[in-house]
Amino acid sequence: MSHIKMLFQHTASTLDDGVLTLYGRTPDGSCALHTTLRPSLVCARHPKDVMDDAEWVNSKIASYTYVPGHNILKWGKRRFCILKFDSTRDYYSVRKVLRKERIPIFNNQVSLDSHWFIERDLRPCSVFEVTTNPCARTTTCDLEYNIATIQASDHIGIKPLVLSYDIECLVPEKGFPDAKKDPIITIGCYSSKESKCFCVHNTPGHNSYPTEKGMLNAFLTYVITLDPDIITGHNINRFDNVYLRDRCKKNNVRFIWSRRKFFQSTIKHITTHSNQKGTQEQYRLTIPGRVIVDSYELYRAQHNLKSYKLDNIAKQFGLGSKFDMPYHLIRTKFRNPAGRKEIAD
């Protein structure tokens, strides 16, 4: 067994085989830690005591124990039954039956990965001391293990690697760019390690590619190689990530840039409505092992500003200003190397 310290940064649960993966960083690089979930349900009574036909349910339960406790809704000391399962599939199938039979369950309000942390008295996004066993590699992380033991650590933390990115499109003279027809011409990247700009056509001083397809492939490969813990940008959830996905589809480029090998990312479009905030649209990128941080969403949630454009936010908080090349100039500048360099710079 090897002994490592890691900063927990993100979790991904593969419900098909019940494997929970903790992604983070150690002093030796990025790390993925795997553990097989053994979920449990806390019930008021054992199903066999209240169901007429509990044979099928019993076959799915690996073991059970009784523990004393209090029901906070109906205060008073009583006995609870903890049902334990060998797989998440058994857990979900039994939970469905118990809900249908209206058998009270007391620990199904949170996700299974949250269960795992709660049961071990661990706080997510903390530093852990872990002993590990070897495992087959399923991610692109520098290190990958199965968890043998895990406990909280008083280590001050390991700094995560953050990548900020922004795309520029060949926009029409009037209107907003359309991913169906307007290509991405530059992708600017910045991290604590370096800054890079990926460009279409010869652009002095920058990584240049003859086609948009070549540039997109190079950028996605770069993200996998750099291996950031966090990807950030301004309005990237609603615009950059969605536009990048659509242009990858247009160019037959596989949208692969997560830490899970061969995983093609998807974007969920979620619409919610409340009396306080009205109708809201959200776009959520599925990218196992990496956290997406959108500065537009953060400032909109935490500050009441007249405008949430990046330039206005920078001025409002004394962070300088952002120069945006007017859309009508981009097409003209893109026609020659000097102009393309000006766009990239």
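In this report, the structure presented in the accompanying data block is examined. (Residues numbered from 1 in each chain as written. Predicted model: local features only at pLDDT ≥ 70, side-chain atom pairs only at ≥ 80, totals over all residues. Heavy atoms only, no water.)

In this section: the state of the cysteines. Working definition: the covalent bond between the sulfur atoms of two cysteines is a disulfide. Following the criterion strictly, the structure yields zero disulfides and no others. Cys 141 forms no disulfide, and the closest cysteine sulfur to it belongs to Cys 31, at a distance of 6.8 Å. Looking at Cys 141, the relative accessible area reads 3%, which means it is buried. Here Cys 169 is not cross-linked by a disulfide; its sulfur's nearest cysteine counterpart is in Cys 248, at 12 Å. (Disulfide = S-S within 2.5 Å. Buried < 20%, exposed > 50% of the residue type's maximum accessible area, 1.4 Å probe, protein only.)

What follows deals with the layout of surface pockets. For the largest pocket, the calculated volume is near 1,300 Å³. Around the largest pocket, the lining is made up of 40 residues, and of these Asp 166, Ile 167, Glu 168, Lys 322 and Asp 324 lie nearest the centre. Contributions of two or more residues to the lining of the largest pocket are made by β9 (162-169), β10 (184-191), β11 (195-200), α6 (236-250), α8 (310-316), α9 (327-333) and α10 (337-344). Counting residues per element, the lining of the largest pocket draws most heavily on β9, which supplies six residues. The class makeup of the residues in the lining of the largest pocket is 21 nonpolar, nine polar and 10 charged. Lining the second largest pocket are 10 residues, and of these Gln 280, Glu 281, Gln 282, Glu 297 and Arg 300 sit closest to its centre. Its residues assigned to classes, the lining of the second largest pocket shows two nonpolar, two polar and six charged. (1 Å grid on protein atoms, 1.4 Å probe; cavity = no way out; pocket = protein on both sides within 12 Å on 5 of 7 lines; lining within 4 Å. Points joined across faces, edges and corners; volume = space filled by probe spheres on them. Helix = DSSP H or I, 4+ residues; strand = E, 2+ residues; numbered from the N terminus. Nonpolar A, V, L, I, M, F, W, Y, C, P; charged D, E, K, R; others polar.)

This part is about the side chain of Arg 247. With respect to the helices and strands, Arg 247 occurs in helix α6. Residue classification places Arg 247 among the buried positions, given a relative accessible area of 6%.

This part is about the sheet that holds β9. On the basis of which strands lie adjacent, the open sheet formed by six strands has the order β12-β11-β10-β9-β13-β16 and mixed pairing. Edge positions in the sheet fall to β12 (207-209) and β16 (291-294), since each of these pairs with one other strand and no more. Geometrically, the sheet is characterised by an average inter-axis angle of 20 degrees between neighbouring strands, direction not taken into account. Two elements, β11 and β12, share three bridges in a ladder whose sense is parallel. Each residue of the ladder has a partner; that of Phe 198, found in β12, is Asn 207. Where α6 meets the sheet, its contacts fall on β9, β10, β13 (230-233) and β16, and the angle it forms with β9 comes to roughly 65 degrees. (Pairing = 2+ DSSP bridges. Axes fitted to C-alpha atoms, helices over the stretch in contact; angles between N-to-C directions. Contact = heavy atoms within 4.5 Å.)

Okay, unusual backbone geometry next. In terms of backbone geometry, most residues other than glycine have negative phi values and most peptide bonds are trans. Here Arg 102, not a glycine, exhibits a phi torsion of approximately 60 degrees, which is positive. The topology assignment puts Arg 102 in the loop between α3 (88-100) and α4 (112-119). Taking the relative accessible area as the measure of exposure, Arg 102 reaches 74% and is therefore exposed. A positive phi angle, close to 60 degrees, is found at Asp 227, a residue other than glycine. Of note, Asp 227 is situated in the loop between α5 (212-226) and β13. Its relative accessible area of 4% is what places Asp 227 among the buried residues.

The next subject is the pairing of strand β5 (residues 63-70). Here β5 runs beside strand β6 (residues 77-84); their pairing, made up of eight bridges, is antiparallel. Bridging from a neighbouring strand, Pro 68 pairs with Arg 79 of β6. What sits between the antiparallel neighbours β5 and β6 is a turn of six residues, in which Gly 76 has the positive phi angle 150 degrees.

Attention now goes to the packing of aromatic side chains. Evaluation of the coordinates by the stated rule reveals 16 aromatic pairs. Ring geometry for Phe 80 versus Phe 106: centroids 5.2 Å apart, planes at 85 degrees, classification edge-to-face. Of this pair, Phe 80 sits in strand β6 while Phe 106 sits in the loop between α3 and α4, placing them 26 residues apart in sequence. The exposure class assigned to Phe 80 is buried, which follows from its relative accessible area of 7%. Judged by centre distance (6.0 Å) and plane angle (85 degrees), the rings of Phe 85 and Tyr 91 are edge-to-face. Tyr 91 matches Phe 85 in its accessibility class, with the two residues each being buried. Joined through ring pairs, the aromatic side chains of Tyr 165, Phe 198, Tyr 209, Phe 219, Tyr 222, Phe 255 and Trp 257 make up one cluster. Looking at Arg 340, its charged tip hangs above the ring of Phe 334, at a distance of 5.7 Å from the centre. (Phe/Tyr/Trp six-rings, centres within 6.5 Å; stacked < 30°, edge-to-face > 60°. Lys NZ or Arg CZ within 6 Å of the ring centre and 35° of its normal.)

Here we come to the nonpolar core. Considering soluble globular proteins, one finds that nonpolar side chains tend to be buried as a cluster. Counting 41 residues, the largest nonpolar core has Tyr 165, Ile 184, Ile 187, Phe 219, Leu 244 and Trp 257 as the members making the most contacts within it. Elements with a contribution of two residues or more to this core: β9, β10, β11, α5, α6 and β15 (278-286). Among the elements that make up this core, the one with the highest residue count is α5 (eight residues). Dropping the residues within four chain positions of it, Tyr 165 is found in contact with Ile 187, Gly 188, Cys 189, Phe 219, Ile 231, Thr 232, Gly 233, Ile 236, Asp 240, Asn 241, Leu 244 and Trp 257. Counting 29 residues, the second-largest nonpolar core is a separate cluster that includes Leu 20, Leu 37, Cys 43 and Leu 112. (Core = buried A, V, L, I, M, F, W, Y, C linked by side-chain atoms within 4.5 Å.)

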